[in-house]
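Structural features, examined
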Amino acid sequence: MKQGGLPARVDEVASFSERSRERQLPDPILTDEFEDFFENAAIALHFVGKDGTILRANRAELEMLGFTAEEYIGRNIREFHADQVAIGDILDRLSRREELKNYRARLRAKDGSIRWVEITSNVRLVADRFLNTRCITIDVTEMIKAQELIREQERRLAITYENAAAGIVEANVEGQLLRVNSHLCALLGYTQDELIGRSIFDRTFPADVEADREQYRRQMAGEIDSYTLEKRFVRKNGSVFWAVVTSSSVHDCEGSFRYAVRVQHDISERKRVEAALAKRAEEQGAIHRFTEMLQHARTQEDVYEPALDAIQRALQCQRASILLLDKDGRMKFVAWRGLSDTYRLAVEGHSPWSTESQDPQPICVGDAKHADLPEQLKQAIRSEGIGAVYFIPITQGGRLLGKFMAYFDQPQEYSEEQIELGRTIARQLGFGIQRIKGENAAQRLAAIVESSHDAIVSKDLNGVILTWNRGAERLFGYSASEVLGKSITIIIPPDRLGEEPLILGRIRNGEIVDHFETIRRRKDGSLVDISLTISPVRDAAGRIVGASKIARDITEQKVAEAKVRDSERHLQDLLAAIPAAIYTTDQQGKITYFNEAAVELAGRTPVIGSDEWCVTWKLYWPDGTPLPHDQCPMAVSLREGRPVRGVEAIAERPDGTRIPFIPYPTPMRDAAGEIVGGINMLVDVSERKQAETQQRILLNELNHRVKNNMMMLTSLLSVAARSSQNPEARKTIGEASKRVATMAAAQRVLYDTPDASNFSAPLFVGAICETTKQMFPANVQLVCDADPIQLPNDIAMPLALIVNELLVNAVKHGSAAKGSSTIRVEIKQNGQKQVLTVEDEGPGFDLRAERHSSSGLRLVEGLARQIGGIFEVERDPSRCIVIFSQAPGENGFDVKNGNS
C-alpha cells in the first residue's frame, strides 16, 4: 500500500493513464465520449483485469455495495464475493474467453450485508491479447427475497394442507378425486394412489349416497355455491365412521367452476356421545323410577319388582334375578324373570365372592360359552340360552348382602358406564333392603331395650324421665309408672345433685358422657355404684332433644378394683424392700414408679410422668462419653421389645459424684403380648470396679516383670552368642535371641493396650517390624501396614514368631541379588478372614521342596496351625501368606451400638 491508503494497483492504473495521455493516445479502458455514459449509467458497471483486479467501477456499483472508489478500485474482485467457488468459476471461464450471461452470485457490501446479483461479462481483447473484462452487475436481492417468500408461502400452504386435522379433497365436475391429503387417507385407510381418480361417492355408506349426490349436482349446476351434510364413510377395513362434509366451489377468473374443495371432519365421537346421552337419559329414568318406588316399599318383596324393572330397563338385558345371602351364608333366589326352575335349582348357592369378602367387585362374563366358570354352572348357563351374564354384588358398608344378575341372550362387551350403572342399582337395592331390615331391627331393638339387664333410661333436656325399661326397674326399684314424667334427680343422692347440670350441659353441646362412674340411690334408700354412658338424642332435623342413659351396676367391679389396689400396694411394698434401685415406665418411657433405693442411687427424686427412660440425672458410657437418655438400655429395651443384658453405664448425681452400675431393663407386656411398659433394676457396681482396678494394678506389675525378664533373657542370649566359639551354636543362639526379642515386642503391645482380651493389629505390626529391623542390615527397608482391626491376645505370640521367621527368611533369600531390598509386611481383613503377607524382591521358593530342609518354615507351618490358619507361598512376586480367622474376644453388650 502506498501513502494515502490507495492500493498499488490504482497507482499503476493512474500511471498507465498518464503515459497514454503523454503519447496522446486514447485511454485503453475508456474514451472521453463514453466517460459520462459509464460513470452515470443506471446499472452497475466495472472492468476487471486478468488477475481479478478491479480497474474501474461506476457510481452505481459503488453505491450498490457502499464503498468509495478508493476502497473498491484496485482491490481484487475476489474480496467482495461471498462465494469463492463462484468467483473462481467466473474468472476461470472468462480467462477461457467465455461469455457470461446472468450469472448469479453473492457480493458482500461494506456494511456486511449480502447482495444477490446477476453478472453479464465478456473479455476485451486487443490483438488477441487479454486486456480486461467488461461486467454488468444487476442487483437482484429483492427479487431473490420475493422468490424465497413465495416458495416459503407455498411450502407452508402445502404443509398446512397435508397436515390439517381434517380430511381435504379436490374433486372435478364428475366428482373424481383430483387431490387428497394424508388426514383423509388416514381416515379411510387408503393410500393417495388408491383414492385419486375414484369418485367422491365410492366410500360413502350406501344409505347416504343419494343425499350427497343430489347436493353435489346442484353445486355443479351453480344453484348453490357450497353445502354441508353429515354422512357415513366405509373404511378399507370395513368399519364405518360419521363425518360432517363441507363442499365449496372454486371458480376461475371468469366465474366458471374449476373444482370443489371438500373438507371432512370425523364426528364419530360426537355421534357416540349423542347416543350415549340418549342411553344415559333412559338409564337415569329407570334409576329415578326405582328410587321413587323404594319410598313406598314396606316389605322386602315391595323392593324386588321395581328393582327387576330398573335392571332390565337400564341395562337393556333380557332377563334378571336377585339373590340374597341366607342365615347359612348361601345365595338364594328371592326374585327373578325369565328363568326356568331347572336353571335356578342348578345355580342356586353359587357365589363368585365369599361371605367374608370386603367391598366385592362386579364380575362380567362377556361370552358365557368361553367363560372360566365351573363346568356345572357353565352347562346350566348354556342350557338356558344365556350368551352373557353380569354379576353385581349388593353390599352395605362393604359387607356382602347378595347379588343381582343381568342376563343377555347374546355375548356383550361391558363398558365402565354399564358397570357403574349396575353398581348404582345395587346400592339403591341394598339401601331399600337395609331400610326395611332397619325398620324391623328398630322394632327388635325396642324389645331388646325393654329386656336388657342394664338400666336404659331416656330423658329430655330438663332431666324429665321419658322412658324406663325393666332393667331400670330392677336396678333402682322404681316401676316405670312411678318415675315417667318426673325428674331424674329422684335417683340422685343429695351430695351428687351437682352432677346433673354438668351432664345436661355436655349433652346440649353434643358430647357423649362415656363410662362416668358415680353413685345413685335406690327406692329403698340404699346406694349403688354405677357406670353411666349418656348420649345425645336428636330429632329428624338433627337437633338435640334429649339424652339416652345406660346405667350398669358396678358394685362387683368396685370390689375387684379394691382387691387390685391391695395387690398393687403389696407389690410396691415388695419392690421397696428390695435393696437394689428399681423403677418402672409406661410404653413411652415415662417414669411411673421408683423405690427409695432408686432415689439413693440417682441422688435425686425422679418426677413421675415427666422423667423419661431413667431415674438418673446424667448418664455416661464406661469410657466417659455421654449417654443420651433416649439411647440408654431402658430405651433400647422398650424400642426393640427385648431385655437388655451385659451393659454397664455410669450415673452422675446432681452433686457431681458418679456411680457405675449395671442395668437390667425388661419390657412388660399385657395379655395380648403388647408392650405396656418396662421395669428396670440398677445394680451399683462401685465395689466391683474398685476390685477390678486393684486387679489391673497387679496385672500391670506382672506384665512389667515379664517385660524385664524377657529383656534380660535377650541380653543373656546376645552375650552367649558373642562368647561362643562354635559357629553353629552362635547361629542357633542368635536365632533364639531374635525370637525372644520378637516375643518381647509382642508382649509390649499386650502390656500397653487397655483392652484385656484384644490387641490392635496396626500397633502389633509396627512394634514387631521396629524390633526386627534393628537386627537386619541397613540396606533392608521394611514397609509395614495393617487394617484397623482387633485380634485376640491368645494369638499374639504365635503371630509374632511367624512374622519373625518370615522376615528372617526374606532377608536371607529375598535380597541376595541386589545391594538393597524392600520387604513388605501386611495384615489385612478379607471378609471373615485375616491375611498376613510378607513380600520380598527375591525369586521365591517351592514350599514343598524347601519344607524338609528348613526348620524355620516347619515352625511357621506349625504356628499357623496353632492359630487355625494355613501357610501358602507364591512367586512373581515372592510372597509368604498366612490365612487365619480369629474374631476379637466377646464382651457381651456393644455399649456404643446398643446390641448384645
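Procedures and definitions
Residues numbered from 1 in each chain as written. Predicted model: local features only at pLDDT ≥ 70, side-chain atom pairs only at ≥ 80, totals over all residues. Heavy atoms only, no water. Pairing = 2+ DSSP bridges. Helix = DSSP H or I, 4+ residues; strand = E, 2+ residues; numbered from the N terminus. Axes fitted to C-alpha atoms, helices over the stretch in contact; angles between N-to-C directions. Contact = heavy atoms within 4.5 Å. Buried < 20%, exposed > 50% of the residue type's maximum accessible area, 1.4 Å probe, protein only. Disulfide = S-S within 2.5 Å. Phe/Tyr/Trp six-rings, centres within 6.5 Å; stacked < 30°, edge-to-face > 60°. Lys NZ or Arg CZ within 6 Å of the ring centre and 35° of its normal.

Describing the sheet that holds strand E29 (residues 780-786)
As summarised here, the arrangement of the 5 strands in space is E29-E31-E32-E34-E33, forming an open sheet in which the pairing is mixed. What marks the edges here is a single partner per strand, and that holds for E29 and strand E33 (870-874). Mean inter-strand twist for the sheet, computed between neighbouring axes without regard to direction, equals 15°. The sheet contact formed by E29 and strand E31 (residues 821-830) spans 7 bridges and is parallel. Looking at E31, one finds that Cys784 is bridged to Val825. Where helix H23 (residues 761-773) meets the sheet, it contacts E29 and E31, and its direction lies at approximately 170° from that of E29. Packed on one face of the sheet, helix H24 (residues 796-813) meets E29, E31, strand E32 (833-840), E33 and strand E34 (878-884) and runs near 25° to E32.

Digging into the sheet that holds strand E14 (residues 388-396)
The sheet built from 5 strands is open, its strands ordered E12-E11-E15-E14-E13 with antiparallel pairing. Both outer strands of the open sheet, strand E12 (331-337) and strand E13 (363-365), are each paired with one neighbouring strand and no more. Put simply, the sheet's adjacent strands are angled 20° from each other on average, direction ignored. Direction of pairing for E13 relative to E14: antiparallel, over a ladder of 3 bridges. In the strand pairing of E14, Ile363 is matched with Phe391.

Concerning unusual backbone geometry
Look at the link from Asp876 to Pro877: it is a cis peptide, with omega at -5°. The residue Pro877 is located in the loop between E33 and E34 in this model. A positive phi angle, close to 70°, is found at Trp613, a residue other than glycine. As for its position among the elements, Trp613 is in the loop between helix H19 (596-602) and strand E23 (618-620). Judged by its relative accessible area of 15%, Trp613 falls in the buried class. By secondary structure assignment, the location of Asp876 is in the loop between E33 and E34.

Thoughts on the state of the cysteines
Considering all chains together, one arrives at 1 disulfide under this definition. What pairs with Cys769 in a disulfide is Cys784, and their sulfur atoms sit 2.3 Å apart. Here the disulfide of Cys769 and Cys784 is left-handed, its torsion about the S-S bond being about -120°. Residue Cys769 is located in helix H23, and its partner Cys784 is located in strand E29; the two are separated by 15 residues in the primary sequence. On the basis of relative accessible area, Cys769 is assigned to the buried category, the value being 4%. Judged by its relative accessible area of 32%, Cys784 is partly exposed.

Examining the packing of aromatic side chains
The geometry of an aromatic ring pair comes down to the distance between the two centres and the angle between the two planes. One pass over the structure, following the stated rule, counts 12 aromatic pairs. Here Phe67 and Tyr72 contribute two aromatic rings whose centre-to-centre distance is 5.9 Å and whose plane-to-plane angle is 20°, an arrangement assigned as stacked. One exposure class covers both Phe67 and Tyr72, and it is buried. Geometrically, the ring pair formed by Phe201 and Tyr216 is edge-to-face, given 6.2 Å between the ring centres and 80° between the ring planes. Of this pair, Phe201 sits in the loop between helix H8 (192-195) and helix H9 (209-220) while Tyr216 sits in helix H9, and the two are 15 residues apart along the sequence. For the residue pair Phe201 and Tyr216, the accessibility class agrees, reading buried in each case. Through a chain of ring-to-ring contacts, the aromatic side chains of Phe67, Tyr72 and Phe80 assemble into a single cluster. Here Arg344 stacks its cationic end above the ring of Trp336, 3.9 Å away from the centre of that ring. The ring of Tyr620 carries Arg658 above its face, with NZ or CZ at 3.8 Å from the centroid.

Quick notes on the pairing of strand E27 (residues 675-684)
As paired elements, strand E21 (residues 581-586) and E27 share 6 bridges and run antiparallel to each other. Within the sheet, the bridge partner assigned to Asp586 lies in E27 and is Gly677. Direction of pairing for strand E25 (residues 658-663) relative to E27: antiparallel, over a ladder of 3 bridges. Bridge pairing in E27 places Phe661 opposite Asp684. Pairing analysis gives 4 bridges linking strand E26 (residues 666-669) to E27, with the strands arranged antiparallel. What sits directly across from Thr666, in E27, is Ile679.

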